[in-house]
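# Chain and residue survey
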Amino acid sequence: MTVNVLLSIRNLKTHFFTEEGVVQALDGVDLEVYEKEIIGLVGETGSGKSVTALSVMRLIPQPGFIVDGEIFFKGKPLHLLSEEQMLRIRGKEITMIFQDPMNALNPVFTVGNQIAETILLHNDVTYKEAFNQSIELLRKLNIPKPERIVNSYPHELSGGMRQRIQIAIGLACQPALLIADEPTTALDATIEVQVLELIKKLRDEFNTSIMLITHDLGVIAEMCDRVVVMYAGNIVEKTDVKTIFKQPLHPYTQALLEAIPYAEKKKKSRLTTIPGTVPNLINPPSGCRFHPRCKHAMKVCKTLKPMLLEEQPGHFVSCFLYSKNKEAAESKGGVFEPLPDRIIY
Amino acid sequence: MKGLYAYIIRRLILLIPVVLGVMLITFILMHSIPGNPVAYLGGSGKLPPEAVEKLVKIYGLDQPLFIQFFLYLANLFQGNLGTSISVNPGANITDLIVTAFPHTVELTIYSAIIMILVGIPAGVISAKKRNSLTDNVTRVGALIGVSMPVFWLGIMLQIIFGVVFPIFPILWAGIHEPAVKVTGIYLIDGFISLDFRTIVDSIMHYALPAIALGALSLSIVTRMVRSSMLEVLGEDYIRTARAKGCSENATIYRHALRNSLIPATTVIGLQIGGLLGGAVLTETVFAIPGIGRLITDAIMRSDYPLVMAGVLFIAIIYILSNLVVDVLYAYLDPRIRY
Amino acid sequence: MADDDRAVKNKGLDSEVFHIGVTDLSSGVVERTRMRRFLDFLSRLKNPLTIIGIVIVIGLILAAVLAPFIAPYNPIKIDLTSKNLPPSLDHLFGTDGFGRDIFSRILYGAQISLFVGIVSVLGAVVVGVPLGIFSAYRGGYIDTLIMRIMDIMLAFPSIILAIAIAMVIGAGMHAVTIAILVVSVPIYARIARGSALAVMQETYIEAARAIGAPGVRIIFKHIFPNILAPILVEMTLDIGSAVLSLAGLSFLGLGAPPPYTYDWGRMISDYFSYQAVTRYWWQLTFPGLAIVFCVLGWNLLGDGLRDAMDPKLRLKLSKAAKKIIKDLKQKQHALKRSFKSNKKVEVVN
């Protein structure tokens, strides 16, 4: 597989200017999506997964703004495009589907109408053609009785079906990138499997790259080629899916993996949790944002901010425990002693 | 659409107890008036004793109360609302109301048009340009609008547009009678008989009262549309629409407007009641010979049967217009029909 | 984590943003004292419109209380030597057909408007809230019956029902007050019933009822903190509409009887004539303006209270943030322009 970069995000900073203060929701995110790959974004609530996706779509709600950084999609700088130019990209080249299938579809229009709308927006066809195309699309997605489904209103369909309709809307114009923001969180386990299968099929049939946002590492293991772990607006680790499970480097990733209940390891091993909570991003911790919750926190973690550096080929991590960051920190005079005044949870 | 018809029929059946309840309330109010009904019917000395006796018989005033109620209902369903005692002694109230009603309808229609055609766009624009100057001006204007007494605004309009700038007549000078009288509503009859003088007369006579009457409801509708639009704009499906590539206008007018009109419809329905109630005051200020004016006259002269008949009539019109609004609601929101 | 995530997501994008901002604060919320929350609430009232509302309401109360001391003339004393005088320094708002000073009459009129407004709304709460709670508590056909009666009352346009009731009771201040009170009862009954039903769903209430604890008392105890806020907002707004209803009823001749002829609505009603419209505008204008200000004051206050109680509604940026955004937009704009001129080909693609 040749690796062509489809989307590349450089040092993205998105902040929300609220009354309480400036929320630094993204603090320098670096990431790229290759063609025909499924990349997973994983992290706790508030880690910046969704904000990253919305920044790419340029759909950050007020009072949020991209303050710094670059987003290149097929060579086009998304962060600089005008709203009109963005309209031609959204829905056609990049689409996004959302978590909650209950509210993501407009309740007053039939689903066929809503799929056809996307086709109509980006192609020079009549409404009737667009409508027929949407029936065809549903058939391609193996949705039973597409002729009947297109004439239903969202409230007449089940949650899984609505999520499939959302996917159909997302695929209507065969985009190069599909961003799925927790597409299965609100679904039952059996339906979740079906929807995930469908998403996987898309990559094979439509050659779409998929950015899958989730907090479920099981989904990541099942679906993704590469994984990006986010914490408090930073990427802490970025590598392929096998490495992340076999050899996680960042303490946060390790903690996340320990928090998964495994059926096999029932013997005595207690389910571990990560102490503390996601930090307040108005006033984030200095240095490494994870240091207040980190087992291995050192003095340097409080004073310097680690960078996302390639520790092993294809394995990026931002932590002072590892050589590249260590060297960088030593040259700046970081002190590598355990942090004395840590709050033990 | 099949669901829609079933829905309408269901609503119609549900109306029956409400209408009966409204009739019961007016009946109770009638009988709570201090003194013997016979006394107030004949007491003013405006009716001859034989007539009073006849009334006692018709209404069964010598019978127990619940029988009286059924007699009252029987009379109502025959279209008999009773007899006026002092506004137009001895006149059949039904006739008085039928003559006056078209004026009230015409005024209400004008005001409703203003309310809908100005209120909805104002609310939408205000929400679209949230926190802008336009928005702030609209909001303050709407706030003042909900704080103004209808009759006072009418008087102020009379002073400004009738006296200072004498554009509109301030008193009811009578509208040129159209050749064809079908509905009794001048504007409609004017169009039917293609009589321009009637149309212009109608607009001139109803412009100020309609603005005065519509201002309050207009402000309420604007506020409601604005807030429900803002709420809808925060919904997930709006984000979906944007993610599809809908422009700002397409998002607002195609995806958000219809959804935000769903709650606004309820308010518009309630405002029709407000318009009918306000018509009582407006018609008094502008001397329009509608039902409101009839009720005011009846209040001034203590014509209890006429007041109660007018109250009952307006309540029933209000209930029926709300039925129409409910149907519209079901049309707008496919979730309701089932 | 999963549950937390889901709950937030369901509320849509805004709440997520909100969540990102205050995740850490949320743990602190529990520790916040009542006092602290009250202070926060007060600080949220610092909105220019709300402050105007508070000033107007306080001004009205002062006018009503101090009318006997600050009014320059006796509001009901007839002085035929100074009939129909236009506004001047002597008579700020002019005089009426009997030579009475309109300014003084308006000051005194505040007494009537405030009295009727506040008493009728308080009365409606005192009747409506227990009725709603009782209805929810009893359930069954009693609940149905009470709520149907409320529905039927709401089936009348409110001013129309108020006219009928005032008419039956007979002219007088008490008649108008009772009429407005009765008409507002269904609103409070509904609010109270809704909250009562919600509270009764709580397990502890069910448990208390199951072991035969005096349920009504428990419900009252738990419901009051819950409905206090919405009721307070509704009351504030309702005082405004009660003043409007009073004005309407007075205009129709159902309002205050003599000697309370200085009621605002009644003044307009009494002065309203062809002559006044064409020549004595001040007689009609100032009493009406008094009504507008009074109602506006209560409405502004009510809106302010509601917004302060529901911080979600507001999306206001701090001054510093506004400046950052402005700079940012300029920067982006400049970048875009430079970009357009240099690499046009790439954008068009």
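The model shown is predicted, which means the values in this text are computed figures rather than measured ones.

### Looking at the overall build of chain A
When helices and strands are tallied, chain A shows 12 helices and 12 strands. In terms of C-alpha radius of gyration, chain A reaches 21 Å, essentially the compact-globule figure of 20 Å for 345 residues. If you line up chain A on its principal axes, its C-alpha atoms span 70 × 50 × 45 Å. For chain A, the residues scored as buried account for 61% of the 345 residues in total. Taking contacts inside chain A between residues at least 6 apart in sequence as the whole, the part at least 24 apart equals 64%. Of the side-chain charges in chain A, 39 are positive and 40 negative, and the distance between the mean point of each set is 4 Å.

### As for the overall build of chain C
In terms of helices and strands, chain C carries 15 helices and 0 strands. Relative to its 349 residues, chain C shows a buried fraction of 48%. For chain C, restricting intrachain contacts to residue pairs at least 6 apart in sequence, the fraction spanning at least 24 positions comes to 69%. Carbon and sulfur atoms provide 65% of the accessible area of chain C, an area that totals close to 17,500 Å².

### As for the pattern of salt bridges
A side chain of one charge can pair with a side chain of the opposite charge if their charged atoms are brought near each other. Enumeration according to the criterion identifies 31 salt bridges over all chains in this entry. Of the charged contacts in the structure, one is a salt bridge between A:E93 and A:K76, with a shortest N-O distance of 3.4 Å. One end of the pair, A:E93, is in the loop between α2 (83-89) and β6 (94-97); the other, A:K76, is in strand β5 (residues 76-77), with 17 residues separating them in the sequence. Each member of the pair, A:E93 as well as A:K76, is classed as buried. When the shortest N-O distance is used, the salt bridge between C:D143 and C:R193 registers 2.7 Å. Of this pair, C:D143 sits in helix α6 (residues 140-154) while C:R193 sits in helix α8 (residues 173-201), and the two are 50 residues apart along the sequence. Where salt bridges share partners, they join A:R10, A:D30, A:E32, A:E37, A:R226 and A:K238 into one cluster.

### Section: the environment of B:M308
Residue and element names in this part refer to chain B. Along the chain, M308 falls in helix α13 (residues 304-332). With a relative accessible area of 1%, M308 lands in the buried category. Separated by 283 residues in sequence, M308 and I25 have C-alpha atoms that sit 10.0 Å apart.

### A short note on the sheet that holds strand β12 (residues 315-317) of chain A
All names here are of chain A. Here we have 8 strands laid out as an open sheet, ordered β6-β7-β8-β3-β9-β10-β12-β11, and mixed in their pairing. In this open sheet, the two strands that pair with only one neighbour each are β6 and β11 (309-312). Taking each pair of neighbouring strands and ignoring which way they run, the sheet shows an average axis angle of 20 degrees. The pairing of strand β7 (residues 177-181) with strand β8 (residues 209-214) spans 5 bridges and is parallel. In the sheet register, D181 faces β8, and the bridge partner there is I213. Sitting on the sheet, helix α7 (residues 189-206) touches β3 (38-42), β7 and β8, and the angle it makes with β8 is about 155 degrees. Taken strand by strand, helix α12 (residues 323-331) contacts β11 and β12, and its axis lies near 130 degrees from that of β11.

### Quick word on unusual backbone geometry
Residue and element names in this part refer to chain A. We note that R58 has phi near 60 degrees; this positive angle belongs to a residue other than glycine. Note that R58 resides in the loop between α1 (49-57) and β4 (64-73). For N142, which is not a glycine, the phi torsion comes out positive at approximately 60 degrees. As for its position among the elements, N142 is in the loop between α4 (127-140) and α5 (146-149).

### Quick notes on the confidence of the model for chain C
Residues and elements named next belong to chain C. Averaged over all residues, the pLDDT of chain C is 77; the fraction at 70 or higher stands at 77%. For residues 1-32, every residue scores under 50 in pLDDT, and the model assigns this stretch 50 contacts once sequence neighbours within four places are set aside. A low-confidence stretch, residues 342-349 stays under pLDDT 50, and its non-local contacts, those more than four residues away or across chains, total 8 contacts.

### With respect to the interface of chain B and chain C
Contacts between the two partners involve 53 residues from chain B, matched on the other side by 44 residues from chain C. Interface area, chain B with chain C, both sides summed: about 4,000 Å², of which 80% is carbon and sulfur. Applying the counting criterion to the chain B and chain C interface returns 1 salt bridge. B:R223 serves as the salt-bridge partner of C:D303, at 3.1 Å between the closest nitrogen and oxygen. At the junction of chain B and chain C, the tally comes to 4 residue pairs in polar contact (both at pLDDT 80 or more). Those elements that place two or more of their residues in the side of chain B that touches chain C are α1 (2-32), α6 (133-146), α7 (150-164), α10 (236-244), α11 (248-286), α12 (291-300) and α13 of chain B. Class assignment for the residues of the side of chain B that touches chain C results in 35 nonpolar, 13 polar and 5 charged.

### Overview of the nonpolar core
Counting 183 residues, the largest nonpolar core has B:I155, C:I163, C:W264 and C:L284 as its most contacted members. Setting aside anything within four residues of it in sequence, one finds C:W264 in contact with C:L60, C:I106, C:G109, C:A110, C:S113, C:P287, C:A290, C:I291 and C:C294.

### Regarding the state of the cysteines
Per the stated rule, a full pass over the model turns up 0 disulfides over all chains. Cysteine A:C301 is unpaired, with the sulfur of A:C288 as its nearest cysteine sulfur at 5.9 Å.

### Thoughts on helix α7 (residues 158-169) of chain C
All names here are of chain C. The end-to-end C-alpha distance of α7 is 17 Å, a good match for the 16 Å that 12 residues give at a rise of 1.5 Å each. When you tally the buried positions in α7, you get 10 out of 12 residues, the bulk of the element. Count one or two residues on from α7 and you reach G170, which has phi positive near 100 degrees.

### Re the interface of chain A and chain B
Opposite the 27 residues of chain A that make contact, chain B presents 21 residues. Buried area between chain A and chain B, summed over both chains or domains, comes out near 2,200 Å², and the portion from carbon and sulfur atoms is 59%. Across the chain A-chain B interface, the total number found is 2 salt bridges. Across the contact surface, chain A and chain B share 11 residue pairs in polar contact (both at pLDDT 80 or more). At the level of secondary structure, the elements contributing two or more residues to the side of chain A that touches chain B comprise α1, β6 and α3 (111-122) of chain A. At 6 residues, α3(A) tops the list of elements feeding residues into the side of chain A that touches chain B. Of the residues assigned to the side of chain A that touches chain B, the class counts are 15 nonpolar, 8 polar and 4 charged.

### Some points on the packing of aromatic side chains
Here the structure, examined in full by the defined rule, presents 19 aromatic pairs over all chains. Look at A:Y127 and A:F131: their rings are 5.9 Å apart centre to centre, the planes differ by 35 degrees, and that puts the pair in the tilted class. Linking A:Y127 with A:F131, this pair stays in helix α4, spanning 4 residues, or about one helical turn. Residue A:Y127 is classed as partly exposed on the basis of its relative accessible area of 38%. A:F131 gets classed as buried once you look at its relative accessible area, which sits at 15%. Among the aromatic residues, those joined into a cluster by ring pairs are C:F93, C:F103, C:Y280, C:W281, C:W282 and C:F286.

### Focus on the side chain of A:T214
Residue and element names in this part refer to chain A. Counting through the fold element by element, T214 comes out in strand β8. Relative accessible area serves as the criterion here: at 4%, T214 is assigned to the buried category. Here D216 takes part through its backbone nitrogen, which lies 2.9 Å from a polar atom of the side chain of T214. Leaving out residues up to four positions away in the same chain, T214 has contacts with L41, V42, G43, K49, E182, V219 and I220.

### What about the packing of α12(B) against α13(B)?
Residues and elements named next belong to chain B. Interaxial distance between α12 and α13 falls to 8 Å at its minimum, and their mutual angle equals 150 degrees. The angle between α12 and α13 places the two elements in the roughly antiparallel class. Regarding α12 and α13, the two cross each other, and that crossing is left-handed. Between α12 and α13, the residues in contact are I291, L294, I295, A298 and I299 and L306, V307, G310, V311, F313 and I314, respectively. Among the residues making up the contact of α12 with α13, the classes are represented as 10 nonpolar, 1 polar and no charged.

Calculation rules
- Along every chain, residues carry numbers that run from 1 in the direction the sequence is written.
- All chains are assigned letters beginning with A, and all ligands numbers beginning with 1, in the order in which they are written.
- Where totals are concerned, whole chains, interfaces and linings use all residues; where local detail is concerned, this predicted model gives features only for residues with pLDDT of at least 70, and gives and counts side-chain atom pairs only at 80 or more.
- As a convention, hydrogens and water are excluded, and side-chain values are obtained from all of the structure's heavy atoms.
- Per the convention used, a helix needs a DSSP run of H or I reaching at least four residues, while a strand needs a run of E reaching at least two, with both numbered from the N terminus.
- In this setup the radius of gyration rests on C-alpha atoms only. A globule is expected at 2.2 Å times the number of residues raised to 0.38.
- The rule is simple: take the accessible area with a 1.4 Å probe, protein chains only, and divide by the maximum for that residue type; under 20% is buried, over 50% is exposed, in between is partly exposed.
- The contact criterion used is simple: two residues touch if any of their non-hydrogen atoms lie within 4.5 Å.
- Positive: Lys, Arg. Negative: Asp, Glu. His and the chain ends are not part of the count.
- By convention, the point assigned to a charge is CZ for Arg, NZ for Lys, CD for Glu and CG for Asp.
- All accessibility values rest on the Shrake-Rupley procedure with a 1.4 Å probe; residue burial counts only the protein chains present in the view.
- Salt bridge criterion: a side-chain nitrogen from Lys or Arg within 4 Å of a carboxyl oxygen from Asp or Glu.
- A pair of strands is considered paired only if DSSP assigns at least 2 bridges between the two.
- An axis is simply a line fitted to the C-alpha atoms; with a helix, the fit covers only the stretch in contact. Between two such axes, the angle follows the N-to-C directions and lies from 0 to 180 degrees.
- How sure the predictor is of each residue is captured by pLDDT, a score from 0 to 100.
- Accessible area that two parts lose when put together, evaluated with a 1.4 Å probe and summed over both, is termed the buried area.
- N or O atoms closer than or at 3.5 Å make up a polar contact, with two conditions inside protein: a donor-capable atom paired with an acceptor-capable one, and, for residues adjacent in sequence, both atoms drawn from side chains.
- Side-chain classes follow a simple rule in which Ala, Val, Leu, Ile, Met, Phe, Trp, Tyr, Cys and Pro form the nonpolar group, Asp, Glu, Lys and Arg form the charged group, and the remainder, Gly included, forms the polar group.
- Residues belong to a common nonpolar core when they are buried Ala, Val, Leu, Ile, Met, Phe, Trp, Tyr or Cys residues joined through side-chain atoms within 4.5 Å.
- Put simply, a disulfide is two cysteine sulfurs that come within 2.5 Å.
- An expected span of 1.5 Å times one less than the residue number is assigned to each helix.
- Centres within 6.5 Å are what make two rings of Phe, Tyr or Trp a pair, Trp counting through its six-membered ring; a difference in plane orientation under 30 degrees is then read as stacked, over 60 as edge-to-face, and the rest as tilted.
- The scheme is simple: roughly parallel for angles under 35 degrees, roughly antiparallel for over 145, roughly perpendicular for 65 to 115, oblique for anything else.
- Here a crossing is taken to be left-handed if its near helix is turned anticlockwise relative to the far helix by less than a right angle, and right-handed if that turn runs clockwise.

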